[in-house]
Amino acid sequence: MPATTTIGLIGAGAIGRAHLGGAAQAAGVRIVGVADPSPAAAELAREFGLPHFEDQRALRDALQPDGAVIATPNALHVPLALEWIAAGRPVLVEKPVAVTVEEGRQLARAAADAGVPVLVGHHRRHNPVLQKARALVQGGALGRLVCASVMAAFLKPDAYFEQAWRRSNAGGPVLINLIHEIDLLRFVCGEIRSLQALTSNAVRGFEVEDSAATLLRLENDALATIQLSDTAAAPWSWDLASGESPVFARSDTESHFLCGTEASLALPTLRSWRYPGERGWFHPLEQSRVAFEPGNPYVEQMRHFGAVIRREEAPLTDAADATRTLEVTLAVRQAARSGEVIRF
Ligand SMILES: NC(=O)c1ccc[n+]([C@@H]2O[C@H](COP(=O)([O-])OP(=O)(O)OC[C@H]3O[C@@H](n4cnc5c(N)ncnc54)[C@H](O)[C@@H]3O)[C@@H](O)[C@H]2O)c1
């Protein structure tokens, strides 16, 4: 039996708790301590029976873990990751990997130069549903992908906006939520070549947008749209439909629709449609469900991180890959401001 790989948790807020839960069920890894200056984090560490440190350097010096999860506010992702890389310790950095594209590239270069792997927390990629969808699309099961339609419509409660940064351009559904949809499209359907976008703040009137519509051209010339709103009383979003996180009330719906020349696929149900005989809109499509083994992406991500630390697996999302997702996401606001097509 191999020794357990040890991990320090840096930043123990909302997603830090999810990582503690994931690690508790993941094979081969163990979180050994928590570093976070907040009293709530000290309480969380006590709940999980872990030593608590106010400063992440103190955790590293005292516990010498094999790697670290960095789940702090965005601006600290790269500075802290660089410190751990310099100490030769692999990191799992939460998304967005960085605040700017240049900073993301700096992290990717530092990781490559030091030979220390960085995994970025695009946890959806670890969901068996999306791994199956990727295999189907990229294996040609849908024929040629023609279009994809993503619904990301949900309602954030008023209390969410009591924190001022969430009403400013530092928050908002483009930076916080759309990044997951961009990453999902890249992972399942292929690279994004260009985009156009519109944003609106008409409902809440905050500085930041409450809704966005994005039009994308993918590398295989498939066209995709993403409808995003955090002010819609609607059930159609990955977070509500997938049941990935227990904090959201689950909706029995679909959110992602992928259409190919031979078949189409809806997610997260993996319902598929194709013509059993004669093709064309005068003939009925046959519906089936693709079988898959369900799994918890937070648990699988943590197992994978252990394997990354032990150099048994390459990061599913490395810093360069996540920087590409960040670049496309940041371009959505740029496109909405300028009205231009942004090409990558
Ligand atoms: N993968 C996902 O689906 C997902 C979901 C939510 C958040 N996130 C990302 O995770 C990060 C954290 O988000 P959150 O919602 O948990 O925020 P949060 O505010 O709930 O938690 C952040 C924690 O970091 C701590 N912190 C601040 N400075 C620190 C430092 N120098 N050292 C150690 N800890 C420090 C804070 O005290 C706080 O407890 C963000 O980058 C966010 O984008 C990812």
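Conventions adopted
Residues numbered from 1 in each chain as written. Predicted model: local features only at pLDDT ≥ 70, side-chain atom pairs only at ≥ 80, totals over all residues. Heavy atoms only, no water. Near = heavy atom within 4 Å. Polar contact = N/O pair within 3.5 Å; in protein donor to acceptor, adjacent residues only side chain to side chain. Areas by Shrake-Rupley, 256 points an atom, 1.4 Å probe, with all protein chains shown as cover. Nonpolar A, V, L, I, M, F, W, Y, C, P; charged D, E, K, R; others polar. Pairing = 2+ DSSP bridges. Helix = DSSP H or I, 4+ residues; strand = E, 2+ residues; numbered from the N terminus. Buried < 20%, exposed > 50% of the residue type's maximum accessible area, 1.4 Å probe, protein only. Contact = heavy atoms within 4.5 Å. Axes fitted to C-alpha atoms, helices over the stretch in contact; angles between N-to-C directions. UniProt positions renumbered as here; feature names shortened; annotations may be inferred.

S.K.: Please set out the site of the ligand residue by residue, giving values where relevant.
M.R.: Within the structure, the ligand sits among 23 residues, and Ile-15, Asp-36, Asn-74, His-77 and Lys-95 are positioned closest to it. In the environment of the ligand, an oxygen atom lies 2.9 Å from a nitrogen or oxygen atom belonging to the backbone of Ile-15. A distance of 2.5 Å is found between an oxygen atom of the ligand and a side-chain nitrogen or oxygen belonging to Asn-74. Burial of the ligand by the protein amounts to 71% of the accessible area it has alone, namely 850 Å². Of the residues belonging to the shell around the ligand, the class tally is 11 nonpolar, nine polar and three charged.

S.K.: Could you give me a rundown of the pairing of strand S7 (residues 145-153), with the residues and numbers involved?
M.R.: Across five bridges, S7 lies against strand S11 (residues 256-260) in antiparallel orientation. Bridge pairing links Leu-145 to Gly-260 in S11. Relative to strand S10 (residues 223-229), S7 runs parallel, the two being bridged by seven bridges. The residue bridging Cys-147 from the neighbouring strand is Leu-223, located in S10.

S.K.: Describe helix H6 (residues 128-138), with residues and values.
M.R.: Three or more residues of H6 are buried, namely Pro-128, Val-129, Leu-130, Ala-133, Leu-136 and Val-137. Residues of H6 that are buried make contact with S7, helix H7 (173-188), helix H8 (238-242), S11 and strand S12 (263-267). If you check the start of H6, you find a side-chain oxygen 2.9 Å away from the backbone N of Val-129, and it comes from Asn-127. Positive backbone phi, at 85°, marks Gly-140, one or two positions downstream of H6.

S.K.: Pulling in residues and values, what's your account of the sheet that holds S10?
M.R.: The nine strands lie next to each other as S14-S13-S12-S11-S7-S10-S9-S8-S15, forming an open sheet whose pairing is mixed. Two strands bound the open sheet, and with one partner strand each, they are strand S14 (286-289) and strand S15 (342-343). Sheet analysis places strand S8 (residues 192-200) next to S15, joined by two bridges and oriented antiparallel. Note that in S15 the partner of Ser-194 across the bridge is Arg-343. The strands touched by H6 within the sheet are S7, S11 and S12, with S12 carrying the most contacts at an inclination of about 165°.

S.K.: If you had to explain the UniProt feature "domain: Gfo/Idh/MocA-like oxidoreductase N-terminal" (unreviewed entry) in the chain to someone new, which residues and values would you point to?
M.R.: Those residues carrying the UniProt feature "domain: Gfo/Idh/MocA-like oxidoreductase N-terminal" (unreviewed entry) are residues 7-122 in this numbering. Taken end to end, residues 7-122 has its terminal C-alpha atoms 18 Å apart, with 46% of it in helix and 20% in strand.

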